[in-house]
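# Geometric and topological summary
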Amino acid sequence: MQPKTTFSTLSFSSLLLAEPLLKAISKLGFKLPTPVQQKSIPLALEYKDLLVSAETGSGKTVAFLLPTLHHLLTLPSKKIGTRALILAPTRELTQQIFKQCQQLIEFTDLKAGIITGGDDFRLQQNMLRRNTEIIIATPGRLLELMEQEIPNFSNLDVFILDEADRMLDMGFSEDVLTIAKSCNAQKQTLLFSATLTHFGVIKMADKLLKNHEIVALNTLHDGHRNIEQQIVVADDNDHKQKLLAWLLLNETYDKALVFTNSKIQADVLRGPLRAQKLRVGVLHGDMDQKDRNRMMELYRDGEVNIMIATDLAARGLDIKGINLVINFDVPRNGINYIHRIGRTGRVDELGLTIALVKSTEWNLMSGIERFLKQKFKHRTIKELQGKYKGPKKIKASGKAVGIKKKIESKKAVVEKVKIRHRDKKNIGKRREPTNSSPSSLQVKKDETIDS
Ligand code: AMP
């Protein structure tokens, strides 16, 4: 019986990649393909369509770029039009793919270009006219260009969708399908997503892929082995602010990333942290592209070593040396949590992530732990202990016992008051609902469902 080939036996050279690519890999200092590269590169080299799940930071960009570039170097050259089209959800991500691509094509004559909103329209039109082989684009701007003048995607060798789940969450589904329709049918399509348990991704795969293979790797349930995950409970946002400042002043890190759920909260945190002489920057979607680029540069160069960001920065941000991620607000779901903490503990790095959790966020956090099938370590900051120590009683599910009851009893009070009011003033009369009472009841109802 043949011994099973273990993944660790596959080296970059055994993948039989074109020489200039091996040279670039060696210059980048990559020793071995990462697991997602080991699994997907051989299949992609066979020109198969793929649906790949891989966590951010797993080396997924190289996993789709290497086989694609190999095809461009070895398949007969097409004289006209783009040969590889890569769609990604955010400008930041396109820039990172572009950077990685430039490193890999250094020893070839291939040319790559970016098409995203916020950059010069004419330059991008020219780039398409010059038949740049590799185009890395966000769907929105590419469609705008397509409305002006149809770029030639009839000779594509490879079509790639990166972070497809995110693209769908951002509402790009129709755009992606329109772009896909303008491409030739014979191309290879590679669809990368953080999760395969996203209904939209499965639907999109059905529409775009032919006889595809699935590479399921490091799905969201696998957790991050190189990230230590902690929870610190807090009384309220003021208490959280003190805890945040303490952590940023006392933890050891090269770069820290602090996530909030809103742009306003991100802005609110900046002042007090700067007052503590911390080098803080802010990154969110209300800033124009120039400011966002500048902020990223300052962070990359280490001029600021703490970035407060909304989820916009959670995807695609690949900056070396982020070894502390603090969730000031608990993210709204497990998928966002994964993307946030995925900014640290990237290939060969270790990271620490701390979630600040107040009582109203307890159940959300325990839901995330359940989703990830993990229990995070609880930590207390002695100097800043608050009143809230977590719920008094915890259900087997990890949720707090009692919150639902409390809300229900409040709801009962609201309903009781309403009955008395009606009993006194409107006996027998039919009343149209007022603006306030139904919505307040609605909120209570929603809280009960959410808790
Ligand atoms: P990604 O998951 O594509 O965002 O990649 C995360 C980081 O891993 C990037 O900085 C890559 O340059 C790096 N990387 C990709 N492949 C390898 C590899 N085989 N060995 C070491 N680092 C890698």
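Residues numbered from 1 in each chain as written. Predicted model: local features only at pLDDT ≥ 70, side-chain atom pairs only at ≥ 80, totals over all residues. Heavy atoms only, no water.

On to the overall build of the protein chain, then. Scanning the protein chain from terminus to terminus reveals 16 helices and 14 strands. The proportion of buried residues among the 451 residues of the protein chain is 53%. Accessible surface, the protein chain as shown: approximately 22500 Å² in total, 52% of it carbon and sulfur. (Helix = DSSP H or I, 4+ residues; strand = E, 2+ residues; numbered from the N terminus. Buried < 20%, exposed > 50% of the residue type's maximum accessible area, 1.4 Å probe, protein only. Areas by Shrake-Rupley, 256 points an atom, 1.4 Å probe, with all protein chains shown as cover.)

Read from one edge of the open sheet, seven strands run β3-β4-β2-β5-β6-β1-β7, paired in parallel fashion. Bordering the open sheet on either side are β3 (112-115) and β7 (213-216), each of which pairs with just one other strand. Strand after strand, the sheet turns through a mean of 15° between neighbouring axes, direction not considered. Taken together, the four bridges between strand β2 (residues 84-87) and strand β4 (residues 134-137) define a ladder with parallel strand orientation. Bridge pairing links Ile86 to Ile136 in β4. The sheet contacts of helix α5 (residues 121-129) involve β3 and β4, and relative to β3 the element is tilted by about 140°. (Pairing = 2+ DSSP bridges. Axes fitted to C-alpha atoms, helices over the stretch in contact; angles between N-to-C directions. Contact = heavy atoms within 4.5 Å.)

Mean pLDDT over the protein chain works out to 83, with 81% of the residues at or above the 70 mark. The low-confidence segment residues 1-7 (pLDDT under 50) makes two contacts with residues lying over four places distant or belonging to another chain. Counting interchain partners and residues more than four positions distant, the pLDDT-below-50 stretch residues 411-451 has 22 contacts. (pLDDT = per-residue confidence, 0-100.)

Leave glycine aside and you will find that most residues have negative phi; peptide bonds, for their part, are mostly trans. Positive phi, normally seen in glycine, also occurs at Asn131, with a value near 60°. Positive phi values are uncommon outside glycine, yet Asn211 reaches one of about 40°. Turning to its location among the elements, Asn211 is positioned in the loop between α9 (199-208) and β7. Its relative accessible area of 78% is what places Asn211 among the exposed residues.

Here we come to helix α10 (residues 237-250). Along its 14 residues, α10 runs 20 Å from first to last C-alpha, staying within 8% of the 20 Å computed at 1.5 Å per residue. Listed in full, the buried residues belonging to α10 are His239, Lys240, Leu243, Leu244, Ala245, Leu247 and Leu248. Here the buried face of α10 lies against β8 (227-234), β9 (255-259), α11 (263-275), β11 (306-309), β12 (322-327) and β13 (351-358). (Expected span 1.5 Å × (residues − 1).)

In this section: the side chain of His71. With respect to the helices, strands and loops of the structure, His71 is situated in helix α3 (residues 60-74). Only 3.4 Å separates the side chain of His71 from the side chain of Gln188, close enough to count as a polar contact. Not counting the four nearest positions on each side in its chain, His71 is found in contact with Ala44, Leu45, Tyr47, Arg83, Val158 and Gln188. (Polar contact = N/O pair within 3.5 Å; in protein donor to acceptor, adjacent residues only side chain to side chain.)

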